[in-house]
Amino acid sequence: MYKILVLTLTLLTMGTRAVWAQTQVTASAPRGTVRITGTVIDSTTKEPVPFATVALINPATKKPVDGAVCDDKGKFTLGKVSEGSFALQISFIGYNTVEIKLPSITDKSSDINMGQVYLSSQTQKLQEVEIVGQRNLIEEKVDRTVYNAENDATAKGGDATDVLRRVPMLSVDMDGNVSMRGSQNIRVLINNKPSTITAGSIADALKQIPADQIKSVEVITSPSAKYDAEGSGGIINIITKKNNMQGISLNIDGSAGLRGANLGLNGSYRKGKMGFSLGGFGRGNYNVNGKYENSQETKTGLNTQKANTRNNGMFGRYTLGWDYDINKYNALSASVQYGVRNNTSYQDDLTTLATRYDLSNPPTSNVSDVKVKDLSGTIDLNLTYTHLFEKPQKELSILALYSRNNRTNDFLGISQTADTASQKNINDSHNQEVTLQLDYQNPIAKNQMLEMGAKNIMRQVTSDFQTFKALEGGSFQLITDDVYSNNLTYNQNVTSGYASYTFSTQNNYSFKVGGRYEYTTIRAYLQDEADIDIPSYGVLVPSLNISKKLKKGNMIKFSYNRRIQRPSIQFLNPNIQRTNQLNITEGNPRLQPEYTNNFEVGYNTTIKTTSLNFAAFVRNTNDAIQSVRDLFVNPTDSLTGIRTTYQNIGSENSYGVNLFVNINLSNKLSLNGGTDVYYSVLDNNNPNPIYRASNEGWVYNFRFFGNYTIKNGWGIQAFSFYRGRQVQLQGIQGGFGIYSLGIRKEFKNKKGSIGFGAENFFTTAMRIRTELNSPILTQRSVNEMHNMNFKITFSYRIGKMSFDSAPRRRKSINNDDMKEGGDNGGGGMGGGEGQGQGGRQQMQGQGRPPGQGAPQQGGQRPGGQYPGQKDGVKRDSTQFKRDSFKKDSTIKDSSGSILPFKKQLHSEILEGQPADKPAPEQNAKRIQDKEIIAPAKKDS
């Protein structure tokens, strides 16, 4: 506990000790010629004590007349000391103060070398200190909003989808499709890394990430030039929990409930310069039932459908990580991750009643059973080399990534009606990426930072699909028509370079301006080897972020950026998705990217124990990829259905505000709430009046979170979320609400916990209505889901860890450059199709932002933030404020939010040493043979 506390307080106090030592003198000391040097050493570990305070004391007045602060190697120098008698006083948080009487200094005295001065620790006193306050659930930073998911027990036992519903500015529908401020053009990163696991469906990918292992979620609304130009809506970065401490540990987390169960094992081992981590998570979904109703009317007739729905699945994700500090300036890290998905969904007794307005054709009825299997495996290999220079924060990194997703998405529809054909579709696909990235940054001054880099993404996607049909009692026969059986090869290469410049002024303004250029080449062809004509294109995207620190920690900020959105395979795949024979979807491999301009202004303030975050935004998108619907005749039963495809014909405009309020009523009770409200204007600009569509209206979301800490490790948390109706191009989708309550008991020493959770416990089923209207069709559908759930959660930690060395800065690749689809998690290269047909669906795709998001193992934060760094520019150590550590005192975290303190100190908010601080030298070089071991001064 002592070492953890010392390292944490180092973050809070080390910077301004030089200022304190030099400004607390009673008067300017007369200048002389003598220099006093030495090195401060920890008497237990024999390692340097960086940033300790050294004061030159006048014995007569007992007050300092001069002072200095040690460097990161524990060395200090007092220059131009005048004649007289003095004492040297050395102090640092967590150590006993040392005072050494110096020999009298005369005009004939030479320089004084103190050699190694040892400080002894205050272990027995600091072991009693423990923090009971928590970090705020929401933290606001210059370019992002951070949701501290580890403080939320209501999501425990769930997956990443449950966590994202709690995050401001995000909205998640019942199928797991995520949108930010109404846009699904978002990139989702996992620890700042891309993965082809999301190539087909981000909704399914999120189910592979356990909520228990998510540390925080970063919502980046205004990405800088470092990030790939893709992602017009913004970037979501999911940070999982990591362990950078020395020693060995094993965490076990699990839950079991009415709708699902999961089990996770996460272990780590670190010794000296090398560390390993191993993790595994498995989740099973069961007893997920519902109903589906659909009616669609055209000029030729009315079709109605209804079915009982159910699905079950197994999801898993397994990781192996390794990192090695070669020396103080060079480090390697590598990881292997494997994700697996095995999901099966059913429509039982899907009954279709077709009534034709042509009275010569009587009504027909058909009953069938539909089964969709979605299987995939994804492997991600990462390798990172980082080189640090002597100059603080100057560094060079080289990163490489190999990622491959293999997916099988099969559909089977068995007709129970005579003379009606059964159908099946087989779709095997793979999505492969190889990424190389180079990043360089150099602080050209204390208040300026220059960053630049280059990146290349080589992407290869294939989709091989076949469609079969069978008459009653017969075997399935291949449909040889190219529309139903074909294969697509889509090779894409994205080469990019960027430059970014950050400048901070003395009056608390910060400016970050940058530009990124990306050039994309594409070669695509079908099985006849005829190339699809897709021209290459280049794009220059500028970005600008301006912020102003106001009094009392308040901040106002403005940002502008231009973004592009490339179509992912979800929109490109020509395989006809036909889970519902009367409602099919077909991709368009000739799609081009869309372009978006984003403007945002934000304001953050704290009033006593209440923090308020407000933002207003405008988003304009041209050449938007939007759905186009027409009619088709099903060849198996001659019924008229609706076909959806995509074109670059739309424009989208959104004007909205986000508001979040955090109230700490006491050290035990906190309340949080917020809303996202925007006005959406959609137009597909189609010149054909049959297909012309436009719509506009208000969209809103509300969320509330409450946390109460009870004595003896008990705690209770409540959460609720309401998603208002969604405006779509040709109609609306109804809203829904969810709520949950969680109770948890932590064991002694926080080694484990057990909890109980209840979700939607007053609601047996949820119904979501969707309406679509156009000149040629009208569609109304209702999806009903039974999602009442009760669950038990548990966790236990084995092992002993310590902060014996500081974590090194890490880098990671971020590809964020593809527009994804999200129809109920289906489709993609997998060819599965979702039932929701309202408007376009996008999700995170085969790429992510380039490299400098938050590091893998600590150190540089996303967007270049370091501890002590303001708005992207690292501050000098003397700019840290010195905080007194007293009972009932307060400190502030990096966002300016107040952390309440009592007499006890919880280890979970202690995060180690500053990431930009090099590890201390193992063997401090002795300056002279004789070492001075001064007696410890007793504290009063």
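Procedures and definitions
- Residues numbered from 1 in each chain as written.
- Predicted model: local features only at pLDDT ≥ 70, side-chain atom pairs only at ≥ 80, totals over all residues.
- Heavy atoms only, no water.
- UniProt positions renumbered as here; feature names shortened; annotations may be inferred.
- Helix = DSSP H or I, 4+ residues; strand = E, 2+ residues; numbered from the N terminus.
- Contact = heavy atoms within 4.5 Å.
- Areas by Shrake-Rupley, 256 points an atom, 1.4 Å probe, with all protein chains shown as cover.
- Buried < 20%, exposed > 50% of the residue type's maximum accessible area, 1.4 Å probe, protein only.
- Pairing = 2+ DSSP bridges.
- Salt bridge = Lys/Arg side-chain N within 4 Å of Asp/Glu carboxyl O.
- Core = buried A, V, L, I, M, F, W, Y, C linked by side-chain atoms within 4.5 Å.
- Axes fitted to C-alpha atoms, helices over the stretch in contact; angles between N-to-C directions.
- Patch = residues over 30% accessible without salt bridge, like charges linked within 9 Å, V, L, I, M, F, W, Y side chains within 5 Å.
- pLDDT = per-residue confidence, 0-100.

Named according to an unreviewed UniProt entry, the protein is TonB-dependent receptor originating from Xanthocytophaga flava. Word for word, the UniProt comment on the protein under Subcellular location (unreviewed entry) is "Cell outer membrane". Quoted straight from UniProt, the Sequence similarities (unreviewed entry) entry for the protein says "Belongs to the TonB-dependent receptor family."

Engineer: Account for the overall build of the protein, naming residues and giving values.
Structural biologist: Scanning the protein for helices and strands turns up six helices and 48 strands. Considering only residue pairs separated by 6 or more positions, the protein has 71% of its internal contacts joining residues 24 or more positions apart. Carbon and sulfur atoms make up 56% of the accessible area of the protein, which amounts to about 37,200 Å² in all.

Engineer: Provide a residue-level description of the pairing of strand S42 (residues 766-774), including the pertinent values.
Structural biologist: Of the two faces of S42, only the one carrying Met766, Ile768, Thr770, Leu772 and Ser774 is buried; Arg767, Arg769, Glu771 and Asn773 on the other face are not. Both strand S39 (residues 731-733) and S42 contribute to a ladder of three bridges, which runs antiparallel. Across the sheet, the residue bridging to isoleucine 732 is glutamate 771, located in S42. In terms of strand pairing, S42 meets strand S43 (residues 777-785) through nine bridges, oriented antiparallel. For leucine 772, the partnering residue across the bridge sits in S43 and is glutamine 779.

Engineer: Explain the pattern of salt bridges to me, and be specific about the residues and the numbers.
Structural biologist: Across all of its chains, the model carries 17 salt bridges by this definition. Between aspartate 348 and arginine 310 there is a salt bridge, with its nearest N and O atoms 2.6 Å apart. Of this pair, aspartate 348 sits in strand S19 (residues 330-356) while arginine 310 sits in strand S18 (residues 301-327), placing them 38 residues apart in sequence. Salt bridges sharing common partners tie together Lys226, Glu451 and Lys512.

Engineer: How would you sum up the nonpolar core? Please name residues and give values.
Structural biologist: A general feature of soluble globular proteins is that nonpolar side chains tend to end up buried together. Of all hydrophobic cores here, the largest spans 32 residues; its most connected members are Tyr147, Leu164, Ile214, Val217, Ile236 and Ile238. Sequence-distant contacts of isoleucine 214, that is, excluding residues within four places in its chain, are made with Ala149, Glu150, Ala160, Val163, Ile209, Ile238, Ile239, Thr240 and Lys241. If you look at the next biggest cluster of nonpolar residues, it comprises 27 residues, including Ile36, Phe51, Ala68 and Val98.

Engineer: Please give an account of the sheet that holds strand S5 (residues 87-91) that cites residues and values.
Structural biologist: The strand order across the open sheet formed by four strands is S3-S2-S5-S6, and the pairing between neighbours is antiparallel. This sheet does not close on itself; its edge strands, each paired only once, are strand S3 (63-69) and strand S6 (98-101). Sheet twist, expressed as the average angle between the axes of neighbouring strands with direction ignored, equals 25°. Here five bridges tie strand S2 (residues 53-58) to S5, and the two strands are oriented antiparallel to one another. When the sheet's bridge partners are listed, threonine 53 is paired in S5 with serine 91.

Engineer: For a nonpolar patch on the surface, give the residues involved together with the corresponding values.
Structural biologist: A contiguous nonpolar surface patch, about 1,000 Å² in accessible area, is contributed by Leu250, Leu258, Leu263, Leu265, Phe747, Ile754, Phe756, Phe790, Ile792, Phe794, Tyr796 and Ile798. Counting residues per element, the ones that place at least two in the nonpolar patch are strand S16 (260-271), strand S41 (752-759) and strand S44 (789-802). No other element matches the five residues that S44 contributes to the nonpolar patch. The class of phenylalanine 794 is partly exposed, set by a relative accessible area of 37%.

Engineer: Before we move on, can you summarise the confidence of the model for the protein with the specific residues and values?
Structural biologist: Note that predicted coordinates carrying low pLDDT should not be read in detail. Per-residue confidence for the protein averages 76 on the pLDDT scale, and 75% of its residues sit at or above 70. Taken together, the stretch residues 801-812 has pLDDT below 50 and engages in 69 contacts with residues farther than four places along the chain or on a different chain.

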